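# Commentary on secondary and tertiary structure
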Amino acid sequence: MNQLSELPERDLPPARHRLLKEHLMTEIRREDQAARTRARWLLPALGAGAVAAVAAVAFTVPFGSSSAPAASKEAVAVLEGAARGAESGVPYGTIRDDQFVYIKSRVARMHQVNGGPEKLDPVHTREIWNSVNGSTSGLLEEDIDNNQHVVLEGWQDFTYRDLAELPTDPDEMYDWLCATSAKKVDDEHPDQDEEAFVLFGDLVQESLMPPDVSAALYRAAARIRGVEVVRGVKDAMGREGVAITRQSGRVQVQMIFDEKTSAFLGERELDEDGTVRGISAILDRAIVDKAGQRP
């Protein structure tokens, strides 16, 4: 357990206490996921040939698709546009292990205060710095509730080095999505295609990867059953785009893309009544030399 579990709760302002609890619970869930997906931790040490061998092993992992139809033609077109945009993006150049992936966003989340009704946070700034190879602690800074500044140690499921080792072939990437997300399927979360879509969304939202890997990820997502398109969706900055989404139970997560450039804008989460439970907008991704440094 990292320093999160050692931080004192007494005398914390409500906003800071709530965010601390949220990140601690997230860390616990992610540690459990890491224990059940041991294959992921092998990736940083593998070369291209070994990754291909891992992909071949992944073919043996049972992965039964849901009864949902194939992704809609509109969704496939949006994801293909995003893949082409990733391929034509400007490379980040040589990236050192001692550097950090920096991501800045604007976010708001639903939360409950003092046992009262849930409400959506004001949209606020979130900045995260993650070690390129995971060898150094990262940093998370987030302003919430009257611009109170909250600083906590960061975390990451997949380092940049992990992601750089993933397949650049869409079919192999799809197999990796299936094999990795299948570990999350249980009685509470039986929809295996949905778990693949959730993993895809997590990777797109707050990580950075080489252009060819990113392109393969978008094309792999087009193979997930049940993926559809919703138009006229706005991110946390009010930028309008087209969203790909997949309905799962009472929650719908919408991944928003610019219709002209195909760039990923942000994410919106709705409940069954159409109430926004979370919203974000990605503002910047960069490589910096130390945690806390801005481009």
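Residues numbered from 1 in each chain as written. Predicted model: local features only at pLDDT ≥ 70, side-chain atom pairs only at ≥ 80, totals over all residues. Heavy atoms only, no water.

For the rest of this paragraph, the subject is the overall build of the protein. Helix and strand counts for the protein come out as eight helices and 10 strands. By residue count, 47% of the 295 residues in the protein fall in the buried class. Contacts spanning at least 24 positions in sequence make up 61% of the contacts within the protein whose residues lie at least 6 apart. Entry remark: accessible area of the protein is about 14800 Å², with carbon and sulfur atoms responsible for 49%. (Helix = DSSP H or I, 4+ residues; strand = E, 2+ residues; numbered from the N terminus. Buried < 20%, exposed > 50% of the residue type's maximum accessible area, 1.4 Å probe, protein only. Contact = heavy atoms within 4.5 Å. Areas by Shrake-Rupley, 256 points an atom, 1.4 Å probe, with all protein chains shown as cover.)

Bringing helix H6 (residues 170–181) into the picture now. Over its 12 residues, H6 runs 16 Å from end to end, which matches the ideal 16 Å to within 8%, given 1.5 Å per residue. Across the 12 residues of H6, nine count as buried, placing the element largely inside the fold. Where H6 is concerned, the buried positions are Pro 170, Met 173, Tyr 174, Trp 176, Leu 177, Cys 178, Ala 179, Thr 180 and Ser 181. N-cap assignment for H6: the residue whose side-chain oxygen lies 3.0 Å from the backbone N of Asp 171 is Asp 169. (Expected span 1.5 Å × (residues − 1). Polar contact = N/O pair within 3.5 Å; in protein donor to acceptor, adjacent residues only side chain to side chain.)

It is generally the case that most residues other than glycine have a negative phi and that most peptide bonds are trans. The phi dihedral of Ser 262 falls on the positive side, at around 70°, and the residue is not glycine. With respect to the helices and strands, the residue Ser 262 is situated in the loop between strand S8 (251–257) and strand S9 (264–270).

Let us look at the packing of aromatic side chains. One pass over the full model with this rule turns up six aromatic pairs. Between Phe 257 and Phe 264, the aromatic rings sit 5.5 Å apart at their centres with planes inclined by 65°, giving edge-to-face as the arrangement. Phe 264 gets classed as buried once you look at its relative accessible area, which sits at 11%. Ring pairs connect the aromatic residues Phe 197, Phe 200, Tyr 218, Phe 257 and Phe 264, which therefore count as one cluster. (Phe/Tyr/Trp six-rings, centres within 6.5 Å; stacked < 30°, edge-to-face > 60°.)

It is worth spelling out the packing of H6 against helix H8 (residues 211–221) at this point. Axis separation between H6 and H8 bottoms out at 8 Å; the angle between their running directions is 70°. With respect to H8, the element H6 is oriented roughly perpendicular. Side by side, H6 and H8 meet where Pro 170, Met 173, Tyr 174 and Leu 177 of the first sit next to Val 213, Ala 216, Leu 217, Arg 219, Ala 220 and Ala 221 of the second. Split into classes, the residues belonging to the contact of H6 with H8 amount to nine nonpolar, no polar and one charged. (Axes fitted to C-alpha atoms, helices over the stretch in contact; angles between N-to-C directions. Parallel < 35°, antiparallel > 145°, perpendicular 65-115°, else oblique. Nonpolar A, V, L, I, M, F, W, Y, C, P; charged D, E, K, R; others polar.)

Right, let's get into the layout of surface pockets. Taken as a whole, the second largest pocket encloses approximately 620 Å³ of empty space. The wall of the second largest pocket is formed by 25 residues, among which Ala 86, Tyr 92, Ser 214, Tyr 218 and Arg 285 lie closest to the centre. Counting only elements with at least two residues in the lining of the second largest pocket, the list comes to helix H4 (73–87), helix H7 (192–205), H8, S9 and strand S10 (276–288). It is H8 that contributes the most residues to the lining of the second largest pocket, four residues altogether. Taken together, the residues of the lining of the second largest pocket break down into 17 nonpolar, six polar and two charged. (1 Å grid on protein atoms, 1.4 Å probe; cavity = no way out; pocket = protein on both sides within 12 Å on 5 of 7 lines; lining within 4 Å. Points joined across faces, edges and corners; volume = space filled by probe spheres on them.)

Here the focus is H8. Within H8, nine of the 11 residues are buried, which leaves the element mostly enclosed by the surrounding structure. Buried within H8 we find Val 213, Ser 214, Ala 215, Ala 216, Leu 217, Tyr 218, Arg 219, Ala 220 and Ala 221. Where the residues of H8 are buried, they touch H4, helix H5 (160–164), H6, H7, S8 and S9.

Once that is clear, we can look at the environment of Met 255. Examined against the element boundaries, Met 255 turns out to sit in strand S8. Residues Met 255 and Leu 265, spaced 10 residues apart in sequence, show a C-alpha to C-alpha distance of 7.9 Å. The contact partners of Met 255, leaving out residues within four places of it in the chain, are Phe 197, Gly 201, Val 204, Val 242, Ala 243, Ile 244, Phe 264, Gly 266 and Glu 267.

Among the secondary structure elements, His 111 is positioned in strand S1 (residues 100–112). With relative accessibility at 7%, the residue His 111 sits in the buried group. Reaching out from His 111, the side chain makes a polar contact with the side chain of Asp 121 at a distance of 2.7 Å.

With that out of the way, let us pick up the pattern of salt bridges. Throughout the structure, instances matching the rule amount to 17 salt bridges. Among the ionic pairs, Arg 126 bridges to Glu 142, the shortest N-O distance being 3.1 Å. With Arg 126 in strand S3 (residues 124–131) and Glu 142 in strand S4 (residues 139–144), this pair connects stretches of sequence that are 16 residues apart. For Glu 142, a relative accessible area of 0% puts it in the buried group. For Glu 206, the salt bridge is made with Arg 126, and the minimal N-O distance between the two is 2.9 Å. A residue pair is termed long-range when its members are at least 10 positions apart, and Glu 206 in the loop between H7 and H8 and Arg 126 in strand S3 qualify at 80 residues. Of the residues examined, Arg 126 reaches a relative accessible area of 7% and is grouped as buried. Because the salt bridges share partners, they merge into one network encompassing Glu 80, Arg 84, Glu 87 and Arg 219. (Salt bridge = Lys/Arg side-chain N within 4 Å of Asp/Glu carboxyl O.)

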